[in-house]
Amino acid sequence: MHRPARWGLGVAGAGIAVIVVLELTRLDELNPIKRTISEHGLGPDGWIFGMAVGLLAAGSAAIGVSLARQRLAGVFGTIALMGWSVGLFMTAWFEKHDWSVGPSTSGSIHRLGSFIAFLSLPLAAMIIARPWRHRERSRARLLAFGLGIFSALWVVGIAAVMFVGARNGLPWWRVMPLGLAERGMAVTEVAALLALGVWAAAKRLDTTEQTGRLPEKQVDAGAGGLAERSGGPLT
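Residues numbered from 1 in each chain as written. Predicted model: local features only at pLDDT ≥ 70, side-chain atom pairs only at ≥ 80, totals over all residues. Heavy atoms only, no water.

K.L.:
Before we move on, can you summarise the overall build of the chain with the specific residues and values?
P.N.:
In terms of regular secondary structure, the chain is built from eight helices and zero strands. Along the chain direction, N to C, the helices and strands of the chain fall in the order α-α-α-α-α-α-α-α. Looking at the 235 residues of the chain, the share that counts as buried comes to 41%. (Helix = DSSP H or I, 4+ residues; strand = E, 2+ residues; numbered from the N terminus. Buried < 20%, exposed > 50% of the residue type's maximum accessible area, 1.4 Å probe, protein only.)

K.L.:
Got a sec to walk through the layout of surface pockets? Specific residues and values, please.
P.N.:
Its boundaries defined by the atoms lining it, the largest pocket holds a volume of some 810 Å³. Lining the largest pocket are 27 residues, and of these Thr-36, Arg-111, Trp-172, Leu-178 and Glu-182 sit closest to its centre. At the level of elements, helix H4 (105-129), helix H5 (139-167) and helix H6 (178-202) are the ones that each hand at least two residues to the lining of the largest pocket. Among the elements that line the lining of the largest pocket, the one with the most residues is H4, at seven residues. Of the residues belonging to the lining of the largest pocket, the class tally is 13 nonpolar, seven polar and seven charged. For the second largest pocket, the calculated volume is near 440 Å³. (1 Å grid on protein atoms, 1.4 Å probe; cavity = no way out; pocket = protein on both sides within 12 Å on 5 of 7 lines; lining within 4 Å. Points joined across faces, edges and corners; volume = space filled by probe spheres on them. Nonpolar A, V, L, I, M, F, W, Y, C, P; charged D, E, K, R; others polar.)

K.L.:
A description of the packing of H5 against H6 should follow, citing residues and the corresponding values.
P.N.:
Between H5 and H6, the shortest axis-to-axis distance is 8 Å and the interhelical angle comes to 155°. On the basis of their axis angle, the class for H5 and H6 is roughly antiparallel. Along this stretch, H5 crosses H6, giving a crossing that reads as left-handed. Residues Ala-140, Arg-141, Leu-143, Ala-144, Leu-147, Gly-148, Phe-150, Ser-151, Trp-154, Val-155 and Ile-158 of H5 form the contact with H6, whose participating residues are Ala-181, Gly-184, Met-185, Thr-188, Glu-189, Ala-191, Ala-192, Ala-195, Leu-196, Val-198 and Trp-199. Among the residues making up the contact of H5 with H6, the classes are represented as 16 nonpolar, four polar and two charged. (Axes fitted to C-alpha atoms, helices over the stretch in contact; angles between N-to-C directions. Parallel < 35°, antiparallel > 145°, perpendicular 65-115°, else oblique. Left-handed = near helix turned anticlockwise from the far one by under 90°. Contact = heavy atoms within 4.5 Å.)

K.L.:
For the pattern of salt bridges, give the residues involved together with the corresponding values.
P.N.:
Across all of its chains, the model carries four salt bridges by this definition. Where Arg-26 meets Glu-29, a salt bridge forms, and the shortest distance between an N and an O atom there is 3.4 Å. For Arg-26, a relative accessible area of 22% corresponds to the partly exposed category. The network of salt bridges with shared partners includes Arg-35, Glu-39 and Lys-96. (Salt bridge = Lys/Arg side-chain N within 4 Å of Asp/Glu carboxyl O.)

K.L.:
If you had to explain the confidence of the model for the chain to someone new, which residues and values would you point to?
P.N.:
Of the residues in the chain, 85% reach a pLDDT of 70 or more, and the chain-wide mean stands at 85. Contacts from residues 205-235, a stretch scored under 50 in pLDDT, to residues over four places away or in other chains number 17 contacts. (pLDDT = per-residue confidence, 0-100.)

K.L.:
Before we move on, could you go through the packing of helix H2 (residues 46-69) against H6 and cite the residues and values that matter?
P.N.:
Relative orientation of the contacting elements H2 and H6 amounts to 40°, with a least axis distance of 9 Å. In terms of their interaxial angle, H2 and H6 are classed as oblique. Crossing of H2 over H6 shows left-handed handedness. Of the residues in H6, those in contact with Leu-56, Ser-60, Ile-63, Ser-66 and Leu-67 of H2 are Val-190, Leu-193, Leu-196, Gly-197, Trp-199 and Ala-200. Class assignment for the residues of the contact of H2 with H6 results in eight nonpolar, three polar and no charged.

K.L.:
Quick rundown of unusual backbone geometry? Include the residues and the values.
P.N.:
Phi is positive for Arg-71, close to 60°, though the residue is something other than glycine. Turning to its location among the elements, Arg-71 is positioned in the loop between H2 and helix H3 (74-93). The class of Arg-71 is exposed, set by a relative accessible area of 73%.

K.L.:
How would you sum up the nonpolar core? Please name residues and give values.
P.N.:
Leu-67, Leu-81, Trp-84, Ile-128 and Leu-196 are the most contacted members of the largest nonpolar core, which totals 45 residues. Put simply, the parts of the chain that give this core at least two residues each are helix H1 (3-25), H2, H3, H4, H5 and H6. A per-element tally of this core places H6 first, with 12 residues. (Core = buried A, V, L, I, M, F, W, Y, C linked by side-chain atoms within 4.5 Å.)

K.L.:
Explain the side chain of Glu-23 residue by residue, including any values.
P.N.:
When you line up the elements, Glu-23 lands in helix H1. Glu-23 gets classed as buried once you look at its relative accessible area, which sits at 18%. Engagement of the side chain of Glu-23 in a polar contact is seen with the side chain of Arg-183, the distance being 2.6 Å. Other than its neighbours up to four places away in sequence, Glu-23 contacts His-40 and Arg-183. (Polar contact = N/O pair within 3.5 Å; in protein donor to acceptor, adjacent residues only side chain to side chain.)

Next up, the structure:
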């Protein structure tokens, strides 16, 4: 397995596990249908949520590094995946608006980070895992591509509902069960990320890239071919 991808999967998995525990332990306080995931970040224990999102961001960056080193992501795919990581770091560091107090600069930056993250991941998955770019068949890659499409449909669907609501004079946070829609989109995008990580971890850097020299068999074969062309053994 490729080590950066393996580490990335582990770190991202730890962050996801913490968020799931927060979700389960606060079901009686935080309605998952109406309230957004980021509300875990409010209050004295908000640092736990921030740490979990930071772990997910760091793990995503490691997966991106692995894909880039193996030349699987390309320039645009790498930029998109790093955009997801940067957006997550922004949401981890800056708290969302606490509407009991009012809007804040921190909340505005948090919202911008969320938009960047949720828009970047579908692009990254579709660009990196598109079937016509790679010859080999990989279930993880095809799954990542499919989940990238579903993630994009989530984004388009939510944007369309918000647009229709705005035209009818409804606040965007009331035109849909916001918490449920955000969680559906988040689960799909995180699943696409993990599929990319599994694909990257299953591949290996070739020996030349790992050691900087050709494998012994290739060296022997090359020497034999040169000797044959020169009419005798090398001296």
